[in-house]
Each structure stands twice: as structure tokens, then as C-alpha cells.
Amino acid sequence: MNINLKPNQQRAQYALWILLLLVLIKVVAIVTFYLQYHLLDQWMNGAMVDMDAAEANDRRVLIVGLFDIVVRIATIIAVILWFRRAYFNLHLRFQNLTYSEGWAAGGWFVPFMSLVVPYQIFNDLFTQTKQFLKKFDIPERNKLNDTLLITWWLVWICNTISQNIFKRFTRSETDVEKLANYTLFDIGFTAVDVIALVMLIAIVKAYSEIEPIFHSKLDEEKDQQAEQDRLNKIWETDPVELS
């Protein structure tokens, strides 16, 4: 079997760094939302709110929001590049996986299918890699935690859907009291984002640590198969040489 594994460690490192940066942005966003809530709360309680402070708050929210969008796009790109490469390498060893390698990228964007395809591909990575390494008795395979994987996916999906529904109904709200309450929801949603991102970091880190071991064992199996094929060929042509 001709195996041409592609290196994936650098992509994993890029994905991890950009995920950490996104966590930082989300934490800054929580602080920003809290400051906005504090300002709105003062306004509701009859305190004089300086217009410069209000304008500064709007600018701060806008800037943090723009940074969040940019870093989120970069995160999506980095994670999908790593994810697709990992699935490509898995396809070189296992032929009957749930999806073709291209779905590791496209599966995130197809409506409805995006609710299940990325998780199922992650599950392929975890399940097949652990089963393959089990026959070599590699203890590191236990780093691939199925409970963490399904928990992360459910948290991420539920929070994303909830945020989309919430923003659709609150987009044009101008009432100060409602804005204050909605800001509290933003804090909650963003906090859950941080939790989901931390879990994803743990998942990517765990697989990126296992993948080089997986590759080395694939190469080892390839060499053993090549040697066995060589001996079989010699046996077929000149059995005396092996005796």
C-alpha cells in the first residue's frame, strides 16, 4: 500500500494559536459587554450619562466586534485546513470512512448537514485512530476523549443556534431596559463561546499529539508489508534462497 502522508503539525499549531487568540477576543468582548451594561444600568437608574462615555462605549463595542469577526474568519480557515488534512491522512489508511475527504471542509457550510457532518468526521478521526493504535498498545490513544467531543459539539451547536435566533429578534431594539437585558444575554452567550473554544482547543491539541504517533505506526506497518511482499516474491521465484 503506497502511503503518502502529509505533515499536519504546523497546521495544528496555527489552529491552536488562532483559537487562543479568539478566546482572548471573546474575554475582551465579555468585559466590553459588562461595561456597556453598567452604562445602561446607570441610565435606567436616572444617573447622568456623559455622551462622550456613551460614544466611547459604542466605538469600543464596534472595534471589539470587528476584531471578533476577523479573528473568527481566520479561526475557521485555520481549523478547517488542519481538519481536512487530518481527514485526508486518515483516508490513506481507512477506505470506508463516513465521508469523502472534501466534506471535512464543505461539511461546515452546507445547511442542516453542518449540524452533523463535522462531528461525524471528528468521530471518524477519533474512532479509527484509537482502534488502529490499540493493536500497538499505545496508551496515548486515550487522550482522544469521546465524551469531550460530543459535549463540545452539543454546546457549540446549541449556543450558535440560540445566538442566531436571539439576534434575529433583537437586532433593532432601542429601549434602554431591553438593551441592558440583551447585553446580559450577550455576556452569557460569549461566556459559553469561551467554554466551547477551550474544549475545541483541547480536542485539536489531543489529536495533534496523537497524529505523529499514528503516522509513525502507519509507516512501520508499511515497511513491514513491503518486507513481507519482498519475501513472498522471493519465495515464489526462488524458494531455496529462503531455506
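Residues numbered from 1 in each chain as written. Predicted model: local features only at pLDDT ≥ 70, side-chain atom pairs only at ≥ 80, totals over all residues. Heavy atoms only, no water.

A. Local environment of the overall build of the protein. In terms of regular secondary structure, the protein is built from 7 helices and 0 strands. Listing every helix and strand of the protein by position from the N terminus yields α-α-α-α-α-α-α. In the protein, buried positions account for 39% of the 243 residues. Residue pairs in contact within the protein that sit at least 24 positions apart in sequence constitute 76% of those at least 6 positions apart. Surface summary for the protein: the accessible area is close to 14400 Å², and the carbon and sulfur share equals 61%. (Helix = DSSP H or I, 4+ residues; strand = E, 2+ residues; numbered from the N terminus. Buried < 20%, exposed > 50% of the residue type's maximum accessible area, 1.4 Å probe, protein only. Contact = heavy atoms within 4.5 Å. Areas by Shrake-Rupley, 256 points an atom, 1.4 Å probe, with all protein chains shown as cover.)

B. Representation of the nonpolar core. Within the largest apolar cluster, 48 residues are counted, with the highest numbers of intra-cluster contacts made by Phe122, Leu125, Trp152 and Tyr207. Only helix 1 (9-44), helix 2 (51-91), helix 3 (103-106), helix 4 (117-134), helix 5 (146-170) and helix 6 (176-237) provide two or more residues apiece to this core. Here this core takes 12 residues from helix 6, the largest share from any one element. If sequence neighbours within four positions are ignored, Phe122 has contacts with Trp82, Phe83, Trp108, Leu149, Trp152, Leu200 and Ile203. (Core = buried A, V, L, I, M, F, W, Y, C linked by side-chain atoms within 4.5 Å.)

C. Broad picture of the packing of aromatic side chains. Per the stated rule, a full pass over the model turns up 17 aromatic pairs. Here a set of aromatic residues connected by ring pairs shows up, and it is made of Trp82, Phe83, Trp108, Phe122, Phe126, Trp152, Trp153, Trp156 and Tyr207. The residue whose ring lies beneath Lys6 is Phe88, and the NZ or CZ to ring-centre distance is 4.5 Å. Positioned above the aromatic ring of Phe94 is the side chain of Arg93, whose terminal nitrogen or guanidinium carbon lies 4.9 Å from the ring centre. (Phe/Tyr/Trp six-rings, centres within 6.5 Å; stacked < 30°, edge-to-face > 60°. Lys NZ or Arg CZ within 6 Å of the ring centre and 35° of its normal.)

D. Quick look at the environment of Leu200. One can find Leu200 in helix 6. Between the C-alpha atom of Leu200 and that of Trp153, which follows or precedes it by 47 residues, the distance is 8.9 Å. In this structure Leu200 touches Leu19, Phe122 and Trp152, once residues within four positions along its chain are discounted.

E. How the structure looks around the pattern of salt bridges. Within this structure, the stated rule accounts for 7 salt bridges. When the shortest N-O distance is used, the salt bridge between Arg84 and Glu101 registers 2.5 Å. Here Glu101 lies in the loop between helix 2 and helix 3 and Arg84 lies in helix 2, a separation of 17 residues in the sequence. Taking relative accessible area as the criterion, Arg84 reaches 35% and is therefore assigned partly exposed. Note on Glu101: relative accessible area 22%, which makes it partly exposed. Ionic pairing is found between Glu209 and Lys205, a salt bridge with its closest N-O pair at 2.6 Å. Here Lys205 and Glu209 lie together in helix 6, a separation of 4 residues that amounts to about one turn. With relative accessibility at 32%, the residue Glu209 sits in the partly exposed group. A relative accessible area of 42% places Lys205 in the partly exposed class. Here the salt bridges share partners, and the residues they tie into one network are Lys26, Asp68, Arg72 and Asp193. (Salt bridge = Lys/Arg side-chain N within 4 Å of Asp/Glu carboxyl O.)

F. Quick peek at the side chain of Asp124. Inspection of the secondary structure puts Asp124 in helix 4. Buried charged residue Asp124 carries no salt bridge. Nearest counter-charge: Lys130, at 12 Å. Every residue in contact with Asp124, bar those within four places of it in the chain, is listed here: Tyr87, Leu90, Leu97, Thr98, Tyr99 and Thr129. (Lys, Arg positive; Asp, Glu negative; His and termini not counted.)

G. View of helix 1. If you check helix 1, its first and last C-alpha atoms are 52 Å apart, about what 36 residues at 1.5 Å a residue would give, namely 52 Å. Positioned one or two residues after helix 1, Gly46 has a phi angle of 85 degrees, which is positive. (Expected span 1.5 Å × (residues − 1).)

H. Main features of a negative patch on the surface. Taken together, the side chains of Asp50, Asp52, Glu55 and Asp58 define an acidic patch exposed on the protein surface. For Asp50, the location among the structural elements is in the loop between helix 1 and helix 2. The class of Asp50 is partly exposed, set by a relative accessible area of 47%. (Patch = residues over 30% accessible without salt bridge, like charges linked within 9 Å, V, L, I, M, F, W, Y side chains within 5 Å. Charge placed at Lys NZ, Arg CZ, Asp CG, Glu CD.)

I. Highlighting a nonpolar patch on the surface. A cluster of nonpolar side chains, Leu62, Leu66, Ile69, Ile73, Ile77 and Leu81, forms an exposed patch at the surface whose accessible area comes to about 560 Å². Here Ile77 lies in helix 2. Exposure remark for Ile77: the relative accessible area of 49% places this residue in the partly exposed category.

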